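Each chain, letter by letter, is given below.
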Amino acid sequence: CGRGPGGCRGGRTDMALRCAASLAAGRQPRGPRREGTVRWSSAAKASAVKINEKASREKILTLESMNPQVKAVEYAVRGPIVLKAGEIEKELRKGIKKPFTEVIKANIGDAHAMGQRPITFLRQVVALCTYPNLLDSPSFPEDAKKRARRILQGCGGNSLGSYTASQGINCIREDVASYIERRDGGVPADPDNIYLTTGASDGISAILKILISGGGKSRTGVMIPIPQYPLYSAAISELDAIQVNYYLDEENCWALNVNELRRALNEAKAYCNPKVLCIINPGNPTGQVQNRKCIEDVIHFAWEEKLFLLADEVYQDNVYSEGCQFHSFKKILYEMGPEYYNNVELASFHSTSKGYMGECGYRGGYMEVINLHPEIKGQLVKLLSVRLCPPVSGQAAMDIVVNPPVPGEESYAQFIKEKESVLNNLAKKAKLTEDMFNKIPGVHCNPLQGAMYAFPRIFIPSKAIEEAKAHKMAPDMFYCMKLLEETGICVVPGSGFGQREGTYHFRMTILPPVEKLKTLLEKVKDFHIKFLEKYA
C-alpha cells in the first residue's frame, strides 16, 4: 500500500479484530510473528474484547419484532407433542431405555410412512416422465407410456424439469375436468376453472388470501367447522382474518346442522363480515360423510346469506360405512337448478395425498372454482403466478389420479386390484378402531364413516385436569403427552382441532398395518385404564 513495512493503517484494527475472535474462541492470540514468547498487555486484551462486543449487535429479527400473524399460527398436527416424539426417537437411537422400543406416529395421515404400498401405475407414469429414456424399456406397459408421453408433450422442452403455466399443464387440467364430469354424472366442467396446486393446502390458502379484506367490523369472517383441520385456523391467523366457529353435532355422528350455522353467522355479524363458509367432507378429524339433504341445506344457506363456499373434498375416495356415499358440492349445486348453480361461488379441492393413493410427498392437487367474477379470475392467476407453478411431478401424479387405467387397458386389472385392496383395508381398520375404542371404559368413538382418522372422546378425571393446569397444559395435551411418554404412541390432542368446552378428544390415524393397529389400540386401552385408576 506504500505505507512502509507496517502496511495499511487499518492493520492494527485488523489485528485487534483477529485477537477478539481468538479470545472469543478461547484461543491465545498469536500476535506478530517474532522470536520469543508473545505477550499481550491487559489493556490490549480489553480493547480487543470491546471491539468484539461492538461487532456483535442485536438481532433485527426477534420474537418481539417478527410478524405477529405468523407468531399466532398454530398447527397441532406437527405441534409440541410431535417435537417431543422426535426427542424420544433420538433417545431410543442412543440406547436410552424406555417402556417401549419404537415411537408410533399416529398423528398424521401419511400413508406411505405407515407402510402402505404405492399404486404401481402411478409410480410407473411418474418414473417415465422423470426419466424419459425408460420409454424405450419393455418393462413398462404401453398405457403408462401413452400417458407419460402426453404429459411430457405439455412440458417445455418435453421435460418435467421445466416451469409450467401457473395454472398448471393444460392437458392435465383437461383430464381433471373430464374426471369431474365422470364423477358427477355428466355435470359440465371447464378446464379453465381448474387450477393445479401444491397439494390441496396451497389452493385453500390462495383462495382465502384473495377473499380476505376489510378492517375492524368489516374484516372478513371465515366460518369453519369445530372440530376442524388446523390448516384453516392457521391460514386465518396468518392472514389476520376472523375465525367464526360452528360446531358439528357429536351426539349425532358429527352432523352439520344449518341452525348451528345460522347461530354462528348471526353472532359473528356483531364483530366481523362473515363471507366464507368452509366445509370438510368427508370430515377431518371427525370422519363423518354428509348426506345429500345436508349438502342441499348448506348450499341453500350459502346462497341465502351470500357466502363463498369452500368444499374440502380430499377424502372423497375414503367412504367406508354402509349407506354412506360421497356427494360433491358441485354436483348437488348443479342439480339444485340454475338459480343456485349460476350464482353460488364455490371452490372445491382434491389432492394426491389421501384417497387410495397416499402420495403426500408429491404435493399434487387441484381446485375447481366456479362462478368467479372474470376480473377476480385474473387476480387469482396473478396471485398463483407469484409461486411460478406447482411441482411438475406432483401435477403428473395428479393426472394419474384423475386419468387412471380403464377397462381394456393392460394395467387396469392390477390397478383396480391395488386400489380396492387399499380401500377395503382402510374400511376394515375403520371398523376395528371404532369397535375397540368403544370397549374401553371412559372412551366413546362415533362411527368412522370416512377419511382416515378416529376422533374418540375421552373422559379425563378432575384430578388429572388439575395436574394439567399445574403444568400449564390443556387436559387432553397432558393426556396425550403421558400416552406418548409411557407407550410411545403419538396422537394429537383434540384441543388442537377445537372441541366443545368441557369435552376432550384426540385424533389418531387408522393407517398403520392391521396387526400394528391392534397392538396400538391395546396399548391405548391399557394406558387409559391405568390413567383412570391413577387419577380417580
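The structure presented is a predicted model; accordingly, all values stated were derived computationally and were not measured.

Q: What is the right way to read the environment of R507 from this model?
A: On the secondary structure map, R507 appears in strand β14 (residues 506–509). Through-space distance from the C-alpha of R507 to that of N284 is 9.2 Å; in sequence the pair is 223 residues apart. At 2.9 Å, the side chain of R507 and the side chain of N284 are in polar contact.

Q: Any chance you could explain the confidence of the model for the protein chain here in plain terms?
A: Across the protein chain, the average pLDDT comes to 89, with 89% of residues at or above 70. The model gives residues 1–13 a pLDDT under 50, and that stretch makes 3 contacts with residues more than four places away or in other chains. Per-residue pLDDT stays below 50 along residues 31–36; that stretch engages in 4 contacts with residues further than four places along the chain or on separate chains.

Q: Where do I start with the nonpolar core in this structure?
A: One recurring pattern in soluble globular proteins is that nonpolar side chains are buried together. With 123 residues, the main nonpolar core has I207, L310 and F437 as its most contacted residues. The residues that make up this core include at least three from each of domain 1 (68–115 + 413–535) and domain 2 (120–402). The contact partners of F437, leaving out residues within four places of it in the chain, are V443, C445, A454, P456, F506, M508, L521 and V524. One finds I295, A302, L309 and F497 within the second-largest nonpolar core, a separate group that totals 35 residues.

Q: Would you mind showing me how to read empty space enclosed by the protein here?
A: Leftover empty space is mapped by rolling, across the atoms, a probe with the size of a water molecule. Counted under the stated rule, the structure contains 3 cavities of 30 Å³ or more. In terms of lining residues, the largest cavity is bounded by P225, P227, Y246, L248, L256, I280, G283, N284, T286, Q288 and Q290. For the lining of the largest cavity, the class distribution of residues is 6 nonpolar, 5 polar and no charged.

Q: Hey, could you run me through unusual backbone geometry in this one?
A: A negative phi angle is the norm for most residues apart from glycine, just as the trans form is the norm for most peptide bonds. A cis amide bond links N281 to the next residue, P282, at an omega of -10°. Note on placement: P282 falls in the loop between β5 (273–280) and α11 (292–305). Of the consecutive residues N284 and P285, the connecting peptide bond is found in the cis state with omega at 20°. Tracing the backbone shows P285 in the loop between β5 and α11. For W254, which is not a glycine, the phi torsion comes out positive at approximately 60°. Position of W254 relative to the elements: it lies in the loop between β4 (242–247) and α10 (258–268). With relative accessibility at 4%, the residue W254 sits in the buried group. The phi dihedral of R363 falls on the positive side, at around 55°, and the residue is not glycine.

Analysis parameters
Residues numbered from 1 in each chain as written. Predicted model: local features only at pLDDT ≥ 70, side-chain atom pairs only at ≥ 80, totals over all residues. Heavy atoms only, no water. Helix = DSSP H or I, 4+ residues; strand = E, 2+ residues; numbered from the N terminus. Polar contact = N/O pair within 3.5 Å; in protein donor to acceptor, adjacent residues only side chain to side chain. pLDDT = per-residue confidence, 0-100. Contact = heavy atoms within 4.5 Å. Core = buried A, V, L, I, M, F, W, Y, C linked by side-chain atoms within 4.5 Å. Buried < 20%, exposed > 50% of the residue type's maximum accessible area, 1.4 Å probe, protein only. Domains from an automatic or database assignment. 1 Å grid on protein atoms, 1.4 Å probe; cavity = no way out; pocket = protein on both sides within 12 Å on 5 of 7 lines; lining within 4 Å. Points joined across faces, edges and corners; volume = space filled by probe spheres on them. Nonpolar A, V, L, I, M, F, W, Y, C, P; charged D, E, K, R; others polar.

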